[in-house]
Structures are given as structure tokens and as C-alpha cells.
Amino acid sequence: MRLSRLVIHGGRPLIGSIPVSGRKNSAVAVIPAAVMATGPSTLANIPDIADVRTALEILQALGVRWEWTAPHTLRIDPRPLRAERVPAALGKRMRASYYLLGALLGRTGEAVAPLPGGDDIGQRPIDQHLKGFAALGAEVAVARGDVRVAATRLEGARIYLDVVSVGATINLMLAAALAPGVTVLENAAREPHVVDVANFLNAMGGYVTGAGTDVIKIRGVEELHGAEHAIIPDEIEAATYMIAAAGTGGDLLLENVVPQHLEPVTAKLREAGCEVREEDETLRVRSTGRLRAVHVKTLPYPGFPTDAQPPMTALLSVAEGTSVITETIWENRFHHAAELQRMGARIRVEERTAVVQGVERLEGADLRGVHDLRSSAALVVGGLIARGTTRIFGLEYLDRGYEALAEKLAGAGAFVERFDDDDVRLEPEDILPGSLEG
Ligand code: EPZ
């Protein structure tokens, strides 16, 4: 069997600089958007991560041609598009495959995709996406695990989202971009990647205004042409490294970031006693001494991002005092707590709240990568902070969203090595109770 693991000798400060990749959650939406065009698009700053590779496999199955024309630069030619069904095995691998529903519905009037998979962090319904497609005039049917949306003619509509949903906002923007008439999305998500997708649609000849506010207006156009676009930096990757620098007493420069996108994280790190300096496209994080406990509540942007909550929990496990962390977005996003406890953390989870009583130090341990990439990232942060050696087994969730994680950390002075053994005599069960699938 293949056994991937990270081995971290912790306790070394992160010093130097780390280049931040393009944003995963933007890339997985912009790539389907490119399928809506009548000609090829060129997308720059695309991260080389498993979720992007899955998105490209899906495009291939639909007949769409693509090629890497340079590192992180993709050319997507949707002209040979010949199918409207996202293969179930691929679609289930990645939640964002649901963006093909909006993109194909707009482009061809029909799409089929499996009910989405993704990280195990809660129920993750897509009712708001489906309600919106229906409001645009599509017939929506869910049967045998597939969603089918079809319309002879879409028409712009006023749609109020009952919950602030990034996915529903983007998906409806995609479908509405080619729906005649005007669509108004109310209670829309304001995340920067919503704005990024709107900018790309506009570069393709679309007409989207208000992205970044909670009311987005889309005037449907007859066709979208190919365009060039560079996607925005990944603020969660950046936040993960900022938090790791704060926890290791580091002095780290994050390159290629938009500091404004990171304000909620920066504010909390400062409150905890860490120094953060913002410049044009960089952020410098410096910490000396032990940080203070802070309370954290996750909220839609511009609140504290749920995706940075797990790494932040790892950091606060060694802060002085007791922190209360409230997760309001996902009902099940404290998988990392049990693993951090193996390292000596004192975390009590009750439903959507974790009470973290800071300990002086974490001790290295053997850990299991959990079924949520950000909870897996929290274990990496724990390992960097801890004294001694931490081994993290099962990296497939981390690989979905962090490009060259071990290399980037090693470049900033961490002692991190990755092993991918195809032929191992040691089974994971020999190392840990329970299985990797747990
Ligand atoms: C996106 O998921 C991200 N994924 C998630 O990042 C992120 O945690 C989340 O937004 C919140 O910021 C991608 O962009 C691919 P939502 P998404 O729709 O769009 C409820 C990561 O770690 N809801 O904004 O699926 C839902 O249950 C991943 O990179 C409905 O009730 O999230 C949740 O409580 C994990 N009905 C809340 O809304 C719906 O139809 C926000 O979900 C849709 C959502």
C-alpha cells in the first residue's frame, strides 16, 4: 500500500519567506467558468494541487481541452465540449464540481452532476443552489445521487439566499451570466473569490456588478468570449503559515498576498500579541514569547474564516489562558481537536464550541490526517510548534489544497520531510489504533 506521511521535528522558528500560491477556492470556480466561453481562456496563478487536477480531469471527461502553458498557467479551450454529465467518481472527489452545474446550465441549458462530496465537515446541503437554478427557470431533479438541471430558456430573476453561501452565490452568478434579463442575488456572499469570479466573467464579456457586497446584479449576455485572468492569492494558505510563524516564535514574510483579505486573521494574531506588518503584496509576521488566549468566532467574510479556524485552534492550544472558539459555519469542524490532544493540548469540544485551555507546550506525536484539509493543516501547525517529532499519516486531504507544503515550510527553516512510499512493510494500523479512513 502507499503510505504518505510528513515527519516534522518541531520547535524551530519559521524564518525567511514563503511564496503564497493562487487561491484554491477561486481556481475551482474560475476553471468551470472558462467552460462557458466560446473560445480559449488563459488562467494564471493556478495552484498545483489535487483539487485543480480533479477539476481538469472533469473537464477532460466533458471533452474540454486544456494544457499547462507555463508553471501555474492554464489554457482552457472549451470549444470541443461534448457532454453535460460530470462523471460521478470524479464529481464526488471534490465538492466544487457543483460549479459545473451552473456553468453548463448557462452554456448548454443542461447539466448533470453527482451530489457533491468533499471534506467531512457537516451536512453541506446545496438547496440554495437548486432554489436559485429553479428561479432562473430550470427544472431541477435529484435522483439516484445525481442532480440534473435543465432549461429550454433561462431568464433573469430576483433571488434571495436564505443563508450566506459562497458556493450558491458563485454558481448562480455563473448560470445567470448567460441568462437573458437581469438577475439580482440578495444576501450574497462577499468573499474575495466571489469578486474574482465576477471579474473573470466581466473579462469574458459578462456584466456583473456589486460583487463584494451582499447584492449582486447580473445582466445576462448572449455569449461569453475567452479571456485572460490571474486568480487571487490563497488567503487560507497564507493564514496557515502566518499562524505557524506566530506559534513557533518566527519571523516570516508571506509573499504574493492581498493583506486586506487577511485582516480578520491579522487582527486576531495581533490581539494574541503577535506583530503583523502589512505592505503592498506582503505580510510580515513576527512573534517573540508566548501568545495570549483570544476568543474566535467564525463568520462569512469579512469575519474570521472557518477555513483558518483549525490552524488557529492549534496555535491557541499553547497560548496563555483559555480561548473559546465558536464555529458558526460548519457543524462538524473540530476533527483536529482529538489529534491535538494526543500532543498534550487541552481542548473540550461541545457541539460548535471548543474551549481551549492553553498548555505550556505540545509534544510530538503520531497523528492521523483527518477528513478535512484545514483540520489536517492544524496538525501540521501543531507539529511545527511541538517539541520533538510528529508524524502525520494520510496526506490526501492536505494535498487537495496546499501546494508543495513540505518544501515551502523547509524553505523557511522548518524541519519537515515528506515520504511517499509505495511499498511499505509497516501498516498504518501498526502505528496507530484505528485505520487511516477513520
Ligand atoms: C466554500 O464552501 C469553501 N469551498 C469552503 O472551503 C469554505 O469552508 C466555505 O465556502 C465557507 O467559507 C469552496 O469554495 C470549494 P457555503 P461552500 O455554501 O461554498 C450552508 C476549504 O477548506 N448552506 O458558503 O460549500 C452550509 O451548510 C473548504 O477550502 C446551505 O444551508 O460553503 C454552511 O453552513 C472547506 N445551503 C453555510 O451555508 C446551501 O445550499 C456556508 O456554506 C449552501 C450552503
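Please refer to the structure placed before this passage.
Residues numbered from 1 in each chain as written. Predicted model: local features only at pLDDT ≥ 70, side-chain atom pairs only at ≥ 80, totals over all residues. Heavy atoms only, no water.

Student: Would you mind showing me how to read the overall build of the protein here?
Tutor: Within the protein, the secondary structure is distributed over 15 helices and 23 strands. At 22 Å, the protein has a C-alpha radius of gyration in line with the 22 Å of a compact globule built from 438 residues. Counting only C-alpha atoms, the protein reaches 65 × 45 × 40 Å along its principal axes. For the protein, with 438 residues in total, the buried portion stands at 56%. A separation threshold of at least 6 residues defines the contact pool for the protein, and within that pool the share at least 24 residues apart is 73%. Here the protein displays about 17100 Å² of accessible surface, and carbon together with sulfur accounts for 47% of that area. Across the protein, the mean location of the 46 positive side-chain charges is 2 Å away from that of the 57 negative side-chain charges. (Helix = DSSP H or I, 4+ residues; strand = E, 2+ residues; numbered from the N terminus. Rg over C-alpha atoms; globule rule 2.2 N^0.38 Å. Buried < 20%, exposed > 50% of the residue type's maximum accessible area, 1.4 Å probe, protein only. Contact = heavy atoms within 4.5 Å. Areas by Shrake-Rupley, 256 points an atom, 1.4 Å probe, with all protein chains shown as cover. Lys, Arg positive; Asp, Glu negative; His and termini not counted. Charge placed at Lys NZ, Arg CZ, Asp CG, Glu CD.)

Student: Teacher, can you tell me more about the site of the ligand here?
Tutor: As a matter of local geometry, the ligand sits amid 24 residues, with Gln-128, Ser-165, Val-166, Asp-307 and Ile-329 nearest to it. In the model, an oxygen atom of the ligand is placed 3.2 Å from a nitrogen or oxygen of the Asn-25 side chain. At 2.8 Å from an oxygen atom of the ligand is found a side-chain nitrogen or oxygen belonging to Arg-374. Contact with the protein chains covers 90% of the free accessible surface of the ligand, which is 830 Å². Looking at the shell around the ligand, the elements with two or more residues in it are helix H1 (24–34), helix H5 (127–135), helix H6 (166–177) and helix H12 (373–385). Top element by residues in the shell around the ligand is H5. It accounts for three residues. (Near = heavy atom within 4 Å. Polar contact = N/O pair within 3.5 Å; in protein donor to acceptor, adjacent residues only side chain to side chain.)

Student: Hey, could you run me through the sheet that holds strand S1 (residues 3–9) in this one?
Tutor: Sheet strands pair via backbone hydrogen bonds, and the direction of the pair is either parallel or antiparallel. A sheet is described by the order of its strands in space; here four strands give the open sequence S21-S22-S1-S23, paired in mixed fashion. Among the strands making up the open sheet, the edge pair consists of strand S21 (366–368) and strand S23 (415–421). On average, each strand axis in the sheet is inclined to that of its neighbour by 20 degrees, with strand direction left out of account. One ladder, built from three bridges, connects S21 with strand S22 (residues 389–393); its direction is parallel. (Pairing = 2+ DSSP bridges. Axes fitted to C-alpha atoms, helices over the stretch in contact; angles between N-to-C directions.)

Student: Please explain the environment of Val-52 as it appears in this structure.
Tutor: For Val-52, the position within the fold is in helix H2 (residues 50–61). Judged by its relative accessible area of 1%, Val-52 is buried. Separated by 42 residues in sequence, Val-52 and Met-94 place their C-alpha atoms 9.5 Å apart. The residues contacting Val-52, other than those within four sequence positions of it, are Ala-27, Ile-31, Ile-46, Pro-47 and Trp-68.

Student: Quick question: what am I supposed to make of the pairing of S22 here?
Tutor: Where a strand is regular, its side chains alternate between the two sheet faces. As paired elements, S1 and S22 share five bridges and run antiparallel to each other. By the bridge assignment for S22, Arg-5 is matched with Phe-393. Regarding the hand of the β-α-β motif, the stretch spanning S21, H12 and S22 is right-handed. (Right-handed = clockwise from strand over helix to strand, strands pointing away.)

Student: In this structure, what is going on with the environment of Ala-203? I would like to understand it.
Tutor: Assignment of secondary structure puts Ala-203 in helix H7 (residues 192–203). Among the residues examined, Ala-203 registers a relative accessible area of 35% and is labelled partly exposed. Along the primary structure Ala-203 and His-225 are separated by 22 residues, whereas in three dimensions their C-alpha atoms are 8.4 Å apart. Here Ala-203 is in contact with His-225, Ala-227 and Glu-228, once residues within four sequence places are set aside.

Student: Explanation requested: a nonpolar patch on the surface in the structure shown.
Tutor: Nonpolar side chains collect at one region of the surface, where Leu-115, Val-140 and Val-142 lie side by side and expose about 210 Å² of accessible area between them. One can find Val-142 in strand S7 (residues 139–143). (Patch = residues over 30% accessible without salt bridge, like charges linked within 9 Å, V, L, I, M, F, W, Y side chains within 5 Å. Salt bridge = Lys/Arg side-chain N within 4 Å of Asp/Glu carboxyl O.)

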